[in-house]
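Close look at the chain arrangement
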Amino acid sequence: MGHYVFINDTGRCIGCEACTVACKAENSVPLGVWRLRVKYVEKGLWPNTKKYFVQLRCNHCEAAPCVRACPVEALFKRPDGIVDLDQTRCIGCKACIAACPYDAIYINPMKGVAEKCNACAHLVDAGFQPACVQVCPTNAIIFGDISDPKIQEILNSKPWFVRKPETGARPMQFYLAPDMSAVNPLVVARPPMGQWNEMPAPGEKPQSGRW
């Protein structure tokens, strides 16, 4: 067994949120928290703009910081690479939340214990795909073993990125995207600010006629 990975094709995603709804329904995720969510990033200047939809979930990292941070070993890495959580051991200390660089863990307000995406491990163990993969109408979500030739072919077909590689967590969620800005909008240069929202630096005297 290799390592299961998620591949998100941002060029195919239409932002319909079917994956988010399926995730909540399959895993009984309470209102106000999420295991999977979809955000959008806009790029360009009107009228030449483009909107990218990006799925955010647990990245099932090879060197998962949450597993190392958990003091009671409630979080663990399965042989197939899925990072799972044993709620019977969790004490709700939130150490995993502080350690996760992807903001992918939450405290279930009804149970008082941590929860996160576990790739619908109960479905995977039964031979099915995760709920989000099953319902995606455009096949924008791909799940499989990274050693599978089909998965390798997909990763070799387009440029791909991972979120926050600088953390050293070695995330196993890959984004097929035209450029890095679809995954990390902070790489885009900020345009000059207007006169009404540009504030002087500390100690700097405002320019005459502008404030």
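Look up a bit, the structure's there.
A few words on helix H1 (residues 18–27). Residues of H1 that are buried: Cys19, Thr20, Ala22, Cys23 and Asn27. Buried residues of H1, seen end-on, are gathered within an arc of 165 degrees and therefore sit on one face of the element. For H1, exposure combined with an orientation more than 90 degrees from the buried face picks out Val21 and Ala25. Those residues of H1 that are buried lie in contact with strand E2 (37–45), helix H4 (121–125), helix H5 (131–135) and strand E8 (141–145). Positioned one or two residues after H1, Ser28 has a phi angle of 50 degrees, which is positive.

The next thing to look at is the sheet that holds E8. Reading across the sheet, the four strands line up as E8-E1-E10-E9 and stay open at both edges, with mixed pairing between neighbours. On the outer flanks of this sheet lie E8 and strand E9 (160–161), each paired with one strand and no other. Looking at chain direction, strand E1 (residues 4–9) and E8 are connected through five bridges and run antiparallel. Bridging from a neighbouring strand, Val5 pairs with Gly144 of E8.

Phe6, Cys66, Leu75, Cys132, Ile141 and Phe143 are the most contacted members of the largest nonpolar core, which totals 36 residues. Elements supplying a minimum of two residues to this core: E1, H1, strand E5 (83–85), H5 and E8. In contact with Ile141, other than residues within four places in its own chain, are Phe6, Ile7, Asn8, Cys19, Gln55, Arg57, Cys132, Val133 and Cys136. By size, the runner-up hydrophobic cluster in this structure holds eight residues, among which are Ile151, Leu155, Met172 and Leu176.

Tallied over the full model, the rule gives three aromatic pairs. When the centroid spacing of 4.8 Å and the interplanar angle of 50 degrees are considered together, the rings of Phe6 and Phe143 count as tilted. Here Phe6, found in strand E1, pairs with Phe143, found in strand E8; they are 137 residues apart in sequence, far enough to count as distant. On the basis of relative accessibility, which here comes to 8%, the residue Phe143 falls in the buried class. Ring centres of Trp160 and Phe174 lie 4.8 Å apart, and the angle between their planes is 85 degrees; this geometry places the pair in the edge-to-face category. Here Trp160, found in strand E9, pairs with Phe174, found in strand E10 (residues 173–176); they are 14 residues apart in sequence, far enough to count as distant. A relative accessible area of 5% places Phe174 in the buried class.

On to the state of the cysteines, then. One pass over the full model with this rule turns up zero disulfides. Left without a disulfide partner, Cys16 is nearest to the cysteine sulfur of Cys136, which lies 6.3 Å away. Unpaired in this structure, Cys70 has its nearest cysteine sulfur neighbour in Cys93, at a distance of 6.2 Å.

How each quantity is defined
- Residue numbers here run from 1 along each chain, matching the order of that chain's written sequence.
- Confidence filtering applies because this is a predicted model: local features only for residues at pLDDT of at least 70, side-chain atom pairs given and counted only at 80 or more, and all residues used for totals across whole chains, interfaces and linings.
- Side-chain measures here rest on the full set of heavy atoms in the structure, leaving out hydrogens and waters.
- In this scheme, a residue with accessible area under 20% of its type's maximum is buried, one over 50% is exposed, and one in between is partly exposed, where area comes from a 1.4 Å probe on protein chains only.
- To qualify as a helix, a DSSP run of H or I must reach at least 4 residues; to qualify as a strand, a run of E must reach at least 2; elements of each kind are numbered from the N terminus.
- Within this analysis, the arc is defined by the directions that extend from the helix axis to the C-beta atoms.
- Here, residues are in contact when the closest pair of their heavy atoms is within 4.5 Å.
- For two strands to pair, DSSP has to find at least two bridges joining them.
- Residues belong to a common nonpolar core when they are buried Ala, Val, Leu, Ile, Met, Phe, Trp, Tyr or Cys residues joined through side-chain atoms within 4.5 Å.
- Centres within 6.5 Å are what make two rings of Phe, Tyr or Trp a pair, Trp counting through its six-membered ring; a difference in plane orientation under 30 degrees is then read as stacked, over 60 as edge-to-face, and the rest as tilted.
- Pairs of cysteine sulfur atoms within 2.5 Å are what we label disulfides.

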